[in-house]
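# Fold and geometry: a report
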Amino acid sequence: MNPILFFVIAFLALVVGLAIGYYISHTRTEKTQREGREKAEKVVEEAREQARTIELQARDNALRISQAAEAEITRLRSELTREEERLQHRRTELDGRVERLEQREQAVNKRQSAVDRRANEVEKLHQTQMEELQRVAQMNTDEARTLLLAEVEKDARADMARIIRQIETEAHEEGEKRARKLIADSVQRVATENVAEFTTSLVPLPNEEMKGRIVGRNGRNIRAFEQAAGVDVIVDDTPEAVTISCFEPVRREVARRALSRLILDGRIHPAHIEKVLEDEQKAVEKVIVEAGEQATFDAGVTGLHPEVIRMMGRLKYRTSYGQNQLAHAVEVAKLSGILAAELGANEEVARQAGFLHDLGKAMDHNQEGTHALLGAEYAKRYGVSPQVVNAIAAHHHEVEQESVEAVIAESADAISGARPGARREDLEAYIKRIRTLEEMATSFKGVSQAYAIQAGREVRIIVRPEEIDDLDATRLARDIAKKIEETMQYPGQIRVTVIRETRAVDYAK
């Protein structure tokens, strides 16, 4: 404890004791005063003892605090010393690194100078050699480069033509072998009859007098019939028959059935004509629905909307090149299913795409657009899957094909239309197609002559060898085949053969 505090406490104790003694001496008897003095002395002694105890405790506390402070100072000094040593060591290492980097930079600069000198020497040597080569070869660099590139291109073109011919030969052999097998198996399994089915517009009559009854007085009956049926009735010199003409096959069928019924009934007048036409319209609609359902069953296609089935049934009265379109749709569906099964594709999607690919041909002629796009839009409207819709729209390449099933449907369509007996072609169209093939081939540069053979299934092209080399001949065959695909419609495939023959002629004198 602080000595001053000790003396203050002692002084206070003394004062208190004197005050007590003084009080006792004046208020009590001498004995009491003596006892008071004793007590006061005792109190003073106790106060002194307490003061000494407090002083000792204060000294101990001060000593402990001083020792702890000295220990902390010692520890901090030690840490500062170690940190200073680490910083000094780090500074020494950094100085060493800087020195080494400066030495390395100097070495690199020396090497760069040597490399630059060597590059200058090499450039001068190269320039000297090029000048000497040009002097010896008597041509400049551009001429030499052109000559070298021409030689390399010549060798490369010959190698490319040889490799291309080899690859195409191998691919054609393997592809044709497998394609023939697939197509033959598919056609044999379908085994559809040759098309001989036509929607006739000729109505037989029991006798010549019936023509007069059909025409009626002043042409009243025939005008009423034509107006109500939407067709033209041709009464000509054909014995015991009249002809119904109409661009819409369903309407023509309704008129044919109605006229046949009127002839059998014998009652031919405007009121009865309208009733019979209405009845036959309902009957034909029923036949269309039944035909669509039967075709769907025969094709093995399920899940179609009734409106789509009804629209497909209208193809019963539609023909193309003499081929009935509903029978064609069933055949394409079967072929598509077989090809999809052989190729590992989705058989259900392929069947449905093949069955619906010509759906647009059943549409009204007043609707604008191609049958592929019209059919795709109609199918999409009634919930047909997007894959099938794309196959319908893409089977004539009007949009991009997005699946292998679309390609299968297109191939099956071509097989069905190209097989023997499927379609008929008149002489005029055949001659026009042959002439178009030859003219298309001769329009290319370097072609000398072109001949369409094998009923237009192959075109042989003779080129001028001085204008067309081997690689150009390969390219020419590919370009002509591509142009035929883009500009012509034909059944099956057309083979393009380019013949290049080099003849060396000299004369002995």
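Note: the structure precedes this text.
Parameters at a glance
- Residues numbered from 1 in each chain as written.
- Predicted model: local features only at pLDDT ≥ 70, side-chain atom pairs only at ≥ 80, totals over all residues.
- Heavy atoms only, no water.
- Helix = DSSP H or I, 4+ residues; strand = E, 2+ residues; numbered from the N terminus.
- Buried < 20%, exposed > 50% of the residue type's maximum accessible area, 1.4 Å probe, protein only.
- Contact = heavy atoms within 4.5 Å.
- Areas by Shrake-Rupley, 256 points an atom, 1.4 Å probe, with all protein chains shown as cover.
- Core = buried A, V, L, I, M, F, W, Y, C linked by side-chain atoms within 4.5 Å.
- Phe/Tyr/Trp six-rings, centres within 6.5 Å; stacked < 30°, edge-to-face > 60°.
- Axes fitted to C-alpha atoms, helices over the stretch in contact; angles between N-to-C directions.
- Parallel < 35°, antiparallel > 145°, perpendicular 65-115°, else oblique.
- Left-handed = near helix turned anticlockwise from the far one by under 90°.
- 1 Å grid on protein atoms, 1.4 Å probe; cavity = no way out; pocket = protein on both sides within 12 Å on 5 of 7 lines; lining within 4 Å.
- Points joined across faces, edges and corners; volume = space filled by probe spheres on them.
- Nonpolar A, V, L, I, M, F, W, Y, C, P; charged D, E, K, R; others polar.
- Pairing = 2+ DSSP bridges.
- Salt bridge = Lys/Arg side-chain N within 4 Å of Asp/Glu carboxyl O.

Attention shifts here to the overall build of the protein. A tally of regular secondary structure across the protein gives 15 helices and 8 strands. By residue count, 31% of the 509 residues in the protein fall in the buried class. The contacts in the protein between residues at least 6 apart in sequence include a share of 62% that link residues at least 24 apart. When the accessible surface of the protein is totalled, it reaches about 33700 Å², and 52% of it is carbon and sulfur.

If you look at the biggest cluster of nonpolar residues, it comprises 33 residues, and the most contacted ones within it are M312, F355, L356, L359 and V388. Of all elements in the fold, only α7 (270-299), α8 (306-313), α9 (325-343), α10 (347-356), α11 (371-381), α12 (386-394) and α13 (404-418) reach the threshold of two or more residues within this core. Ranked by residue count, the leading element in this core is α12, at 5 residues. When near neighbours in sequence (up to four residues on either side) are disregarded, F355 contacts A295, T296, A299, V301, L304, M312, A329, V330 and A333. Membership of the second largest hydrophobic core comes to 26 residues, among which are M210, A229, V254 and V284.

It is worth spelling out the packing of aromatic side chains at this point. Taken as a whole and judged by the stated rule, the model has 1 aromatic pair. Summarising the aromatic geometry, the rings of Y378 and Y382 are spaced 4.9 Å apart at their centres and angled 50 degrees between planes, so their arrangement reads as tilted.

So, on to the packing of α7 against α9. Axis separation between α7 and α9 bottoms out at 9 Å; the angle between their running directions is 20 degrees. One way to sum up the angle between α7 and α9 is to call them roughly parallel. Where α7 crosses over α9, the handedness of that crossing is right-handed. Listed contacts from α9 to A291, A295, D298 and A299 of α7 are L326, V330, A333 and K334.

Here the idea is plain: a probe the size of a water molecule rolls over the atoms and shows the empty space left. Under the definition given, this model contains 1 cavity of 30 Å³ or more. In this structure, the largest cavity encloses a volume near 50 Å³. Lining the largest cavity are 10 residues; nearest its centre among them are E248, P249, R314, K361 and A362. Classifying every residue of the lining of the largest cavity gives 5 nonpolar, 1 polar and 4 charged.

The subject of this paragraph is the sheet that holds strand β3 (residues 241-245). Here 3 strands make up an open sheet; going across it, the order is β1-β3-β2 and the pairing antiparallel. Sheet topology places β1 (202-204) and β2 (232-234) at the edges, where each strand pairs with a single neighbour. Averaged over all pairs of adjacent strands, the angle between strand axes in this sheet comes to 25 degrees, irrespective of strand direction. As judged from the 3 bridges shared by β2 and β3, these two strands associate in the antiparallel manner. Directly across from V233, in β3, lies its bridge partner I244.

The next subject is the pattern of salt bridges. Inspection of every chain in the model, using the stated rule, returns 19 salt bridges. In this structure, the salt-bridge partner of E72 is R75, at a minimum N-O distance of 2.4 Å. Taken together, the residues E72 and R75, both in helix α2 (residues 30-137) and 3 residues apart, mark about one turn of the helix. For R75, a relative accessible area of 39% translates into the label partly exposed. E285 is the salt-bridge partner of R310, the closest N and O atoms lying 3.7 Å from each other. Of the two residues, R310 is situated in helix α8 and E285 in helix α7; the sequence distance between them amounts to 25 residues. Using a relative accessible area of 22% as the deciding quantity, one classes R310 as partly exposed. Bridged by salt links that share partners, the residues R257, R261, K275, D279 and E280 form one connected network.

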